[in-house]
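Read off the chains here:
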Amino acid sequence: MYGALWRVLPGPWFVKLFIVLVVVAAILYGLFWYAFPWVSATYFPPADANTITQ
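Definitions and cut-offs
Residues numbered from 1 in each chain as written. Predicted model: local features only at pLDDT ≥ 70, side-chain atom pairs only at ≥ 80, totals over all residues. Heavy atoms only, no water. Patch = residues over 30% accessible without salt bridge, like charges linked within 9 Å, V, L, I, M, F, W, Y side chains within 5 Å. Areas by Shrake-Rupley, 256 points an atom, 1.4 Å probe, with all protein chains shown as cover. Salt bridge = Lys/Arg side-chain N within 4 Å of Asp/Glu carboxyl O. Helix = DSSP H or I, 4+ residues; strand = E, 2+ residues; numbered from the N terminus. Phe/Tyr/Trp six-rings, centres within 6.5 Å; stacked < 30°, edge-to-face > 60°. Buried < 20%, exposed > 50% of the residue type's maximum accessible area, 1.4 Å probe, protein only.

J.: Where do I start with a nonpolar patch on the surface in this structure?
T.: Where nonpolar side chains cluster on the molecular surface, the patch consists of Val 23, Val 24, Ile 27, Leu 28, Tyr 29, Leu 31, Phe 32, Trp 33, Tyr 34 and Phe 36 and spans about 1100 Å² of accessible area. Tracing the backbone shows Phe 36 in helix α2 (residues 13-43).

The structure is reproduced here in structure tokens:
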């Protein structure tokens, strides 16, 4: 799969590497700013501030 992706990307190896790094950074940005907070808020609601834990 990675070989096929590498062959499809245009340019020499350093351009391909730059494209891959930008895409990976964009995916990580989307996950950390949108997906992970949504999952956290949906499946792990905040604890009640009035509850005393011992």
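There's more to say after this.
J.: Even after reading the chapter, I still don't get the packing of aromatic side chains, so can you show me in this structure?
T.: Think of a pair of aromatic rings as described by two things: how far the centres are apart, and how the planes are tilted against each other in angle. Under the counting rule described, the total for this entry stands at five aromatic pairs. For the ring pair Tyr 29 and Tyr 34, a centre distance of 6.4 Å and an interplane angle of 75° mean the geometry is edge-to-face. Overall, Tyr 34 belongs to the exposed group, its relative accessible area being 57%. Between the aromatic rings of Phe 32 and Phe 36, the centroid separation amounts to 5.1 Å while the plane-to-plane angle is 85°, which identifies the pairing as edge-to-face. In this pair, Phe 32 and Phe 36 are both assigned in helix α2, four residues apart and thus about one turn of the helix distant. Overall, Phe 36 belongs to the partly exposed group, its relative accessible area being 41%. Among the aromatic residues, those joined into a cluster by ring pairs are Tyr 29, Trp 33 and Tyr 34.

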